[in-house]
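Fold and geometry: a report
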Amino acid sequence: MADTVREIERKYEAGRDTGAARLPDLSGAASVASVTDEGVRELDAVYYDTADLRLAAAGITLRRRTGGPDEGWHLKLPVAAPATPGARDEIRAPLTVSAIPRALTALVRSRTRDVPLAPLMRIVSRREVRRLLAADGTRLAEAGTDTVTATRLTGDKTTTSWTEIEIELAEGADPALFDTLEPLLSAAGLRPSEAPSKLARALRETGLGDPRRRPAATPPTGARAGDHVLAFLRAQVEAVVALDPGARLGTEDAVHQMRVATRRLRSSFRSHGKVVDRRTTDPLAQDLKWLADELGVDRDREVLAERLRDRLDELPRALVRGPVRARLRAWSTSSRQGSRRRLTAVLDSARYLALLNRLDALLADPPLRDAAAEPPGAVLAKAMLCDYGRLAGRVEHALATAPGHDRDTALHDARKAAKRARYAAEAATPALGKEAKRFAAQMKSVQSLLGDHQDSVMARGALRAIAAEAEGAGEPTFTFGVLYGREERLAERDERELPGLWERISAQISALPPA
């Protein structure tokens, strides 16, 4: 079994004129009341990667380490948009096998695909450990002075060595502690390390260099329309790949965000067919739809279950009759048995891995059309406003349709068009600036209103099914009827608000200069 811990650490090295890195006395720093000597640890780690350093390029490290209280297999993953610098998720597995545990190889499969992992670097550290304690004896952090020797395990077996200071927060400790320690460290001639990890420094100093990274997702100055579209596509592909481990681990919102990235890709393929040839992207879009559908199997039910629980919480106690909460709980969990295994099977499937390879191939050799070479402003604005025109037609059709099933379907189609227009505006924002950003916000407001309406439609369908289950079990169904009526009124409210919202947005957009 693998365990996950959130690791928050920072590394420091001696300044160029300071000599060897030495840990100063930190006992006078704010909440640090005392520092204890915990002795010396001998740490011996072998790092694994592909021959072209795919893990290192993504800021991921995979190692087998002996020595220390946490010896074992360690996989360190970057934290998406971390609020605290130096934060990483470390997944640990015991040293029960010599081969890399399958639980860890699965978590990097979106990076490695079918390329094997092999020993890359051996890093041996002699660590002098100090423990930083609060006045009540609570452990705040651990500071280590590491004397490091790194040996490349490929080629000419080059070796390098250095000394560094590593400070890792204890679980639950306030990251602000770093701010109180750094003046003392700076006064001792220490500075934050240039390399983000020991492995990164070892790669550079043994001649392997900085690992090849994907091209930046930000268009360069003077970029053409094709550069902007490809940057947007590149960011979404990277999101799918980066969110894969979180989806497997059940990290909050990872599956949802992964699904959103697939939708952005599909929408961009359609919106920018004048830039990237759809004869190549349409087959990819079909597989992206398959992936989004698979990712949504549990997500849609989770969203509905949360909505129904919130609505139930709003009811007066007198209107809640029978084991309503238990029935909702049973319904929301009925499809989860085996769902993690199903999701893992999808992410391990040949179809998914082939899709990732094909997306990489698209970005490496994009099938660009003539419009890709044009200045971005007119091309991206035209795509954005074309999607707006499609949305306008669907909104007008929905408003002209009599209330009922057909209108519900028409409003759902309009919601999908609003998403597409929003994503087109997001892709255009680096080129068009505030106007595209404002347009994206307007499309999001339409999407949100129509999304709430669609959630109400789906909630009513779920309530009918749950009520039937309750009735079959001899339970009261009164409360489900009350909830159903409330959902009807919420949908009616959304339908009343749509014309006014649409009129305001249409007036604002009609004032924009033509593309």
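Owing to the predicted nature of the structure, the values given are computational and were not obtained by experimental measurement.

Section: the side chain of Arg327
Structurally, Arg327 can be placed in helix H9 (residues 324-333). Leaving out residues up to four positions away in the same chain, Arg327 has contacts with Ile466, Glu469, Ala470, Ala473, Glu475 and Phe480.

Points about helix H14 (residues 434-472)
With 39 residues, H14 extends 56 Å from end C-alpha to end C-alpha; this agrees with the ideal 57 Å at 1.5 Å per step. Looking at the residues trailing H14, positive phi occurs at Gly474, about 80°.

Remarks on the packing of aromatic side chains
Overall, the coordinates contain three aromatic pairs when judged by the stated rule. Aromatic side chains Tyr48 and Trp73 sit 5.5 Å apart centroid to centroid with 45° between the ring planes, which places their arrangement in the tilted category. Taken as a pair, Tyr48 in strand E2 (residues 34-49) and Trp73 in strand E4 (residues 72-78) lie far apart in primary sequence, 25 residues in all. In this pair, the class of Tyr48 matches that of Trp73, namely buried. Centre to centre, the rings of Tyr388 and Phe439 are 6.2 Å apart; their planes meet at 75°, and the pair counts as edge-to-face. Linking Tyr388 in helix H12 (residues 376-400) with Phe439 in helix H14, this pair joins segments that are 51 residues apart in sequence. Accessibility expressed as a relative area gives 1% for Phe439, which makes it buried.

Looking at empty space enclosed by the protein
On inspection of all chains with the given rule, the structure shows one cavity of 30 Å³ or more. What the largest cavity holds in volume is close to 30 Å³. Lys11, Glu13, Glu164, Ser193, Ala195, Ser197, Lys198 and Arg201 together form the lining of the largest cavity. Residue assignment for the lining of the largest cavity shows that the elements contributing at least two residues are strand E1 (3-14) and helix H5 (198-205). Taken together, the residues that form the lining of the largest cavity break down as one nonpolar, two polar and five charged.

Here we look at the pattern of salt bridges
On inspection of all chains with the given rule, the structure shows 56 salt bridges. One salt bridge in this structure joins Glu7 and Arg88, with 3.7 Å as the shortest N-O distance. With Glu7 in strand E1 and Arg88 in strand E5 (residues 87-93), this pair connects stretches of sequence that are 81 residues apart. Since its relative accessible area comes to 4%, Glu7 is described here as buried. Notably, a salt bridge pairs Arg307 with Glu487, separated by 2.9 Å at the nearest N-O pair. Placement of the pair is Arg307 in helix H8 (residues 278-314) and Glu487 in helix H15 (residues 478-510), with a sequence separation of 180 residues.

Some words on the environment of Ala378
Of note, Ala378 is situated in helix H12. Taking relative accessible area as the criterion, Ala378 reaches 49% and is therefore assigned partly exposed. Between the C-alpha atom of Ala378 and that of Ala225, which follows or precedes it by 153 residues, the distance is 8.7 Å.

A look at the layout of surface pockets
Size it by volume and the second largest pocket reaches roughly 1100 Å³. Counting only elements with at least two residues in the lining of the second largest pocket, the list comes to helix H7 (254-271), H8, H12, helix H13 (405-432) and H14. Tallied by class, the residues present in the lining of the second largest pocket amount to seven nonpolar, eight polar and 19 charged.

A look at the packing of H9 against H14
Here H9 crosses H14 at 115°, and the two axes come no closer than 11 Å. In terms of orientation, H9 and H14 fall into the roughly perpendicular class. Read as a crossing pair, H9 and H14 show a hand that is right-handed. Residues Arg327, Leu328 and Trp331 of H9 lie in contact with H14, whose contacting residues are Ala462, Ile466, Glu469 and Ala470. Of the residues that constitute the contact of H9 with H14, the class distribution is five nonpolar, no polar and two charged.

Analysis parameters
- Residues numbered from 1 in each chain as written.
- Predicted model: local features only at pLDDT ≥ 70, side-chain atom pairs only at ≥ 80, totals over all residues.
- Heavy atoms only, no water.
- Helix = DSSP H or I, 4+ residues; strand = E, 2+ residues; numbered from the N terminus.
- Contact = heavy atoms within 4.5 Å.
- Expected span 1.5 Å × (residues − 1).
- Phe/Tyr/Trp six-rings, centres within 6.5 Å; stacked < 30°, edge-to-face > 60°.
- Buried < 20%, exposed > 50% of the residue type's maximum accessible area, 1.4 Å probe, protein only.
- 1 Å grid on protein atoms, 1.4 Å probe; cavity = no way out; pocket = protein on both sides within 12 Å on 5 of 7 lines; lining within 4 Å.
- Points joined across faces, edges and corners; volume = space filled by probe spheres on them.
- Nonpolar A, V, L, I, M, F, W, Y, C, P; charged D, E, K, R; others polar.
- Salt bridge = Lys/Arg side-chain N within 4 Å of Asp/Glu carboxyl O.
- Axes fitted to C-alpha atoms, helices over the stretch in contact; angles between N-to-C directions.
- Parallel < 35°, antiparallel > 145°, perpendicular 65-115°, else oblique.
- Left-handed = near helix turned anticlockwise from the far one by under 90°.

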